[in-house]
Structure formats: C-alpha cells, structure tokens
Amino acid sequence: MLRRTMLICLLVAMLATLVQGQGTRVGFYSRTCPRAESIVSSTVATHFKSNPAIAPGLLRMHFHDCFVRGCDASILINGSNTEKTALPNLGLKGYEVIDDAKTQLEAACPGLVSCADILALAARDSVVLTGGRSWQVPTGRRDGRVSSASDTANLPGFTDSIDAQKQKFAAKGLNAQDLVTLVGGHTIGTTACQFFNYRLYNTTGNGSDPTISALFLPQLQALCPQNGDRTKRVALDTDSENKFDASFFGNLRNGRGILESDQKLWTDTSTRTFVQRFLGVRGLAALNFNVEFGKSMVKMSNIGVKTGSDSEIRKICSAIN
C-alpha cells in the first residue's frame, strides 16, 4: 500500500513538472478565475457587433505578438520605440478590446489573468465570430517586460519568398503546413493598397505581376489606381472577407491573391500541395482548414511562453508594472 501511494505521488509530481515545463494548459483559470474565458469572449463579441474589423485585427495582433519575443503581450506595451510603433504593426486594430477585457478581469479576478492569455483567447473568439471553428486555448502565459520596435524585423513580410517565410516559421518551431494554414487567416480582413499596388503596374520594370489573373487585374487597378490613395483598404479574400472559410485558397489557385507573399503559396511547388489539400483536390489527402487552423494556432500560441521571473501579470496591458 505504501509503495502504491509513493508511486502515485511520484506520477503526480512528474505530471506537475510536465505541465510546468509546457507553461500552458487548457483550463488554467478554471479554479482561480472560472469566468475568465467567458469575460473575454463576451467582450470581443460586444466590440465585434459595432466594428467587425476587430476580428481580423485581433487575430493578426496575436500572430505579430507571438513572432516577436514569444506570446508575451509585448505588442500591447505603449511607449517610444516599442513593438506597437514599428511599421508592420501600425495598422493593427483591437487594442481597446484587450484593454476592456483586462479591466473587467481585474475587477473579477485581480492580478490573475495575463494580457498574453487575453490576446490568445480573443484571437480564437474572433475566428468563431466570423464563422470559424472553435478550439481549446491552452492558458497560463505570463506577460513580458520588454518591447522593442527593432525586434519586429523578423516578422514575415509581404514580399518574402517562400524560402524566407519557411525559415521564419521554422525558427519558431512551425513547419510548412503551419505556414500555409496560418496565412490562411487572411480569409478575413483587409490590407492597404500601398502593400500590393506595385504588383499592378510595374513589377521589376515589366508591367503588372504575371501571377495575377488577367481578369482580376482590372478590378484591383480600379480599387487601387496607380496614383490613388495608398492607404485605401482592400479585402484579402475578395470572395468572403468577413467569413472564416477556405475560399482564400481558391483565390490563390485562381491568381487572385492580393499580397505577393500570399500568391507565392500557390506558385511555389513546396507549398502548393497544402493549398490543394485544403481545396480537396482529387488524388491528395484532404485537409480541413478549420480543424488544422486550430491546431496550428495552438502551436503558435506556445511560442516563447514566459512562466518565470522574467515575466509578470500586468495590471494594465499597455504598461509594465
């Protein structure tokens, strides 16, 4: 009996060590703050009703946070030369949603729920609100204390080659399938003309980008005239910009990708197969985009999770304690 008790204690200790080593687990707040996830979801839903653009904004914000110093909410910190001020982050939307959720959580459970977890949950809730499938979000992240604009240089860029994109994802423990899957998040949201109008008129001195459909090119040129407003926003998924689905991949197949880096997922043979599998091309093992997106998001949300003394639970998300 004594040996059995000791064995059980040992197994419990090993499990606790494993969980601590992973840093996050589903239901982390189930006892300490049982309403945490419902508070976040209701807050996101309230803001979404008045401004649906916050859904892709929060999803993109979580991605940009995780790819810089890990998923530690460093993207939320105010100040000169912080991540928030860097060029790739200037168009991010949804900071007010995170602040609102944090205020409510501090009232309900003071000092317990991290801003990093709020952001991870809000990204999931944004996908659900736009028609995507839910997934269980592991929680237990802590907030970082450092935010530097210069660290954003390694974010994937809209002109990156597939090799460059794969290298950046691999550096975060993500593979080529994760790359294609997560870029598929562009099924919702918009981008500015300034990030792709060079493809419409003068690509390396040879006119328009030949990978753009000849039928689609005039539509894009009408939306983004050569000398027009470079800040004008255009849907990344022209078929269903407000619906989380796999139509984005159909656009890539048909030469209707907006960003150069997106269209390359089709033109590069190393990633085209994944696009085809999401489209259910005959002869290939089909992939369900909604299912795979949740899996890849969980992987991404565990990048560089902070759990020790180099972190904290911020009282407000825009400033370190």
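Quantities reported herein were computed from a predicted structural model and do not represent experimental measurements.

**Comments concerning the packing of aromatic side chains**
Applying the stated criterion across every chain yields a total of 14 aromatic pairs. Judged by centre distance (5.2 Å) and plane angle (10°), the ring pair of Phe244 and Phe289 falls under stacked. Of this pair, Phe244 sits in the loop between strand S3 (233-235) and helix H10 (247-253) while Phe289 is found in helix H13 (residues 289-301), placing the two residues 45 residues apart along the sequence. With respect to class, Phe244 is no different from Phe289; both count as buried. A cation over a ring is seen here: Arg272 above Trp266, with NZ or CZ 5.4 Å from the ring centre.

**Things to note about the packing of helix H11 (residues 260-267) against helix H12 (residues 269-278)**
Two elements in contact, H11 and H12, have axes separated by 5 Å at closest approach and are oriented at 85°. Between H11 and H12, the angle is such that the two are roughly perpendicular. Along its contact with H11, which presents Lys264, Leu265, Trp266 and Thr267, the element H12 presents Thr269, Thr271, Arg272, Val275 and Gln276. Of the residues assigned to the contact of H11 with H12, the class counts are 3 nonpolar, 4 polar and 2 charged.

**What to know about the nonpolar core**
Ranked by size, the top nonpolar core spans 64 residues in total, and within it Leu76, Phe293 and Met300 carry the most contacts. For this core, the element with the highest residue contribution is helix H5 (residues 115-129), accounting for 9 residues. Ignoring sequence-local partners within four residues, the contact set of Met300 consists of His62, Phe63, Cys66, Phe67, Cys71, Leu174 and Leu182. Counting residues in each nonpolar core, the second largest holds 12 residues, with Phe196, Phe216, Leu217 and Ile258 among its members.

**Quick look at H12**
Along H12, the residues that are buried comprise Thr271, Phe274, Val275, Gln276 and Phe278. In the stretch just after H12, Gly280 is the one whose phi turns positive, near 70°.

**Comments concerning the packing of helix H3 (residues 54-66) against helix H4 (residues 95-108)**
Between H3 and H4, whose axes approach to 9 Å, the crossing angle comes to 80°. In terms of orientation, H3 and H4 fall into the roughly perpendicular class. For the pair H3 and H4, contact is made by Ile54, Leu58 and Met61 and by Tyr95, Glu96, Val97 and Ile98, respectively. A breakdown of the residues in the contact of H3 with H4 according to their chemical character gives 6 nonpolar, no polar and 1 charged.

**Here's the deal with the state of the cysteines**
This structure, assessed with the given rule, holds 4 disulfides. Across the disulfide, Cys33 is cross-linked to Cys109 (sulfur-sulfur distance 2.0 Å). Judged by the sign of its S-S torsion, about 80°, the cystine formed by Cys33 and Cys109 is right-handed. One end of the pair, Cys33, is in the loop between helix H1 (2-22) and helix H2 (36-50); the other, Cys109, is in the loop between H4 and H5, with 76 residues separating them in the sequence. Grouping residues by exposure puts Cys33 and Cys109 together as buried. Sequence-ordered numbering of the bonded cysteines in the protein gives a pairing of 1-4, 2-3, 5-8, 6-7.

**Examining the confidence of the model for the protein**
Overall, the prediction assigns the protein a mean pLDDT of 91, with 92% of residues at 70 or greater. Long-range and interchain partners of residues 4-21, a stretch whose pLDDT sits below 50, account for 2 contacts in this model, where long-range means more than four residues apart.

**Looking at unusual backbone geometry**
The phi dihedral of Arg69 is positive, around 65°, even though this residue is not glycine. Tracing the backbone through its elements, the reader meets Arg69 in the loop between H3 and H4. Since its relative accessible area comes to 39%, Arg69 is described here as partly exposed. A positive phi angle, close to 65°, is found at Asn81, a residue other than glycine. Looking at the secondary structure, you find Asn81 in the loop between H3 and H4.

Definitions and limits used
Residues numbered from 1 in each chain as written. Predicted model: local features only at pLDDT ≥ 70, side-chain atom pairs only at ≥ 80, totals over all residues. Heavy atoms only, no water. Phe/Tyr/Trp six-rings, centres within 6.5 Å; stacked < 30°, edge-to-face > 60°. Helix = DSSP H or I, 4+ residues; strand = E, 2+ residues; numbered from the N terminus. Buried < 20%, exposed > 50% of the residue type's maximum accessible area, 1.4 Å probe, protein only. Lys NZ or Arg CZ within 6 Å of the ring centre and 35° of its normal. Axes fitted to C-alpha atoms, helices over the stretch in contact; angles between N-to-C directions. Parallel < 35°, antiparallel > 145°, perpendicular 65-115°, else oblique. Contact = heavy atoms within 4.5 Å. Nonpolar A, V, L, I, M, F, W, Y, C, P; charged D, E, K, R; others polar. Core = buried A, V, L, I, M, F, W, Y, C linked by side-chain atoms within 4.5 Å. Disulfide = S-S within 2.5 Å. pLDDT = per-residue confidence, 0-100.

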